[in-house]
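Fold and geometry: a report
Here are the chains, one letter per residue:
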Amino acid sequence: KTASDLLMSLVNDVLDMSRIDSGRLTLNEEIFSLSDLIHDIAVITRPQAVQKQQQLQIEIGQIYEEGLIGDPLRLRQILVNIIGNAVKYTQQDGKIRADFSQRQADKDNIILDFICEDNGIGMSQEFLKRIFIPFERVNNTTISKIEGSGLGMSIVKKLVDQMEGTVEVESQIGKGSLVRVTLPIRIDTKGDTGTGEPEQSVLADI
């Protein structure tokens, strides 16, 4: 089962890369709830962290609009890939923090800020220059024992670029990593689910 799951994951990643590179991947435009999206991400990533006895903390900062318009499937793929990497490359009993917040861009758009920080094994400055290259992985005995295709961050970068956002990675060996994603997202103005004022911050230990 483990081997088949890994193979299926690899096939899906390769197919995604192929679609993106050939220009055949189109982003959907649909109304979705930010709170539902964050809940789904927590449900998906929690079992991996529990298995490694890690502390996965999801913090929700200033949120101006709950109802948004975009591609929740691809957005979830981006965020799950990043948190999943943090879980994968953080030792047992390690700590991972995922932070969601918004900034107002204009009356029709918000900026979603996402930060994922861990105290895992980290990466060298040399490898950070190659982190978005397909199939690129750190070449050492620790990494070789961790399952992965080396496509996750490449897909993240390409999807973020397609959404006209930015992704940045900071890391030090032995001190962990920090991934910062910024994405412009349209507001569901017809649904009028937001107040235009920042909602109270919520902190959840998962």
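Check the entry above for the structure.
Here goes a summary of the coordinates provided. Note that the structure is a prediction, hence the values are computed from the model and not measured.

A separate point is the environment of Tyr89. Note that Tyr89 resides in the loop between helix H3 (72-88) and strand S4 (95-106). Overall, the relative accessible area of 21% leaves Tyr89 in the partly exposed class.

Counting 46 residues, the largest nonpolar core has Leu75 and Phe114 as the members making the most contacts within it. With eight residues, the top contributor of residues to this core is H3. When sequence neighbours within four positions are dropped, the list of residues in contact with Phe114 reads Leu79, Ile82, Ile83, Ala98, Asp99, Phe100, Val179, Arg180 and Val181.

Let us look at the pattern of salt bridges. If you walk through the whole model with that rule in mind, you get nine salt bridges. Two residues, Arg103 and Asp113, come together in a salt bridge whose shortest N-O distance is 2.6 Å. With Arg103 in strand S4 and Asp113 in strand S5 (residues 109-118), this pair connects stretches of sequence that are 10 residues apart. The exposure class assigned to Arg103 is partly exposed, which follows from its relative accessible area of 42%.

This part covers the environment of Ser124. Of note, Ser124 is situated in the loop between S5 and helix H4 (125-128). Here Phe127 takes part through its backbone nitrogen, which lies 3.1 Å from a polar atom of the side chain of Ser124.

Moving on, we get to the packing of aromatic side chains. What the rule picks out here adds up to one aromatic pair. An angle of 50° between the planes, with centres 5.0 Å apart, marks the rings of Phe100 and Phe114 as tilted. With Phe100 in strand S4 and Phe114 in strand S5, this pair connects stretches of sequence that are 14 residues apart. Owing to a relative accessible area of 1%, Phe114 belongs among the buried residues under this scheme. The residue whose ring lies beneath Lys157 is Phe132, and the NZ or CZ to ring-centre distance is 5.8 Å.

This paragraph deals with H3. Between its first and last C-alpha, H3 extends 23 Å over 17 residues, near the 24 Å set by a 1.5 Å rise per residue. Extensive coverage of H3 is indicated by the burial of 12 of its 17 residues. All of the buried residues along H3 are Pro72, Arg74, Leu75, Gln77, Ile78, Leu79, Val80, Ile82, Ile83, Gly84, Ala86 and Val87. The opening residue of H3 is Asp71, an N-cap whose side-chain oxygen sits 3.2 Å from the backbone nitrogen of Leu73.

This part takes up the pairing of S5. The element S5 is extensively covered by neighbouring structure, given that eight of its 10 residues are classed as buried. The pairing of S4 with S5 spans 10 bridges and is antiparallel. In the strand pairing of S5, Ser101 is matched with Asp113. With antiparallel pairing between neighbouring strands as the criterion, S4 and S5 make up a hairpin whose turn holds two residues. Bridge analysis of S5 against strand S7 (residues 176-187) gives nine bridges, and the strand direction is antiparallel. Bridge pairing in S7 links Leu112 to Leu183.

Procedures and definitions
- Residues numbered from 1 in each chain as written.
- Predicted model: local features only at pLDDT ≥ 70, side-chain atom pairs only at ≥ 80, totals over all residues.
- Heavy atoms only, no water.
- Helix = DSSP H or I, 4+ residues; strand = E, 2+ residues; numbered from the N terminus.
- Buried < 20%, exposed > 50% of the residue type's maximum accessible area, 1.4 Å probe, protein only.
- Core = buried A, V, L, I, M, F, W, Y, C linked by side-chain atoms within 4.5 Å.
- Contact = heavy atoms within 4.5 Å.
- Salt bridge = Lys/Arg side-chain N within 4 Å of Asp/Glu carboxyl O.
- Polar contact = N/O pair within 3.5 Å; in protein donor to acceptor, adjacent residues only side chain to side chain.
- Phe/Tyr/Trp six-rings, centres within 6.5 Å; stacked < 30°, edge-to-face > 60°.
- Lys NZ or Arg CZ within 6 Å of the ring centre and 35° of its normal.
- Expected span 1.5 Å × (residues − 1).
- Pairing = 2+ DSSP bridges.

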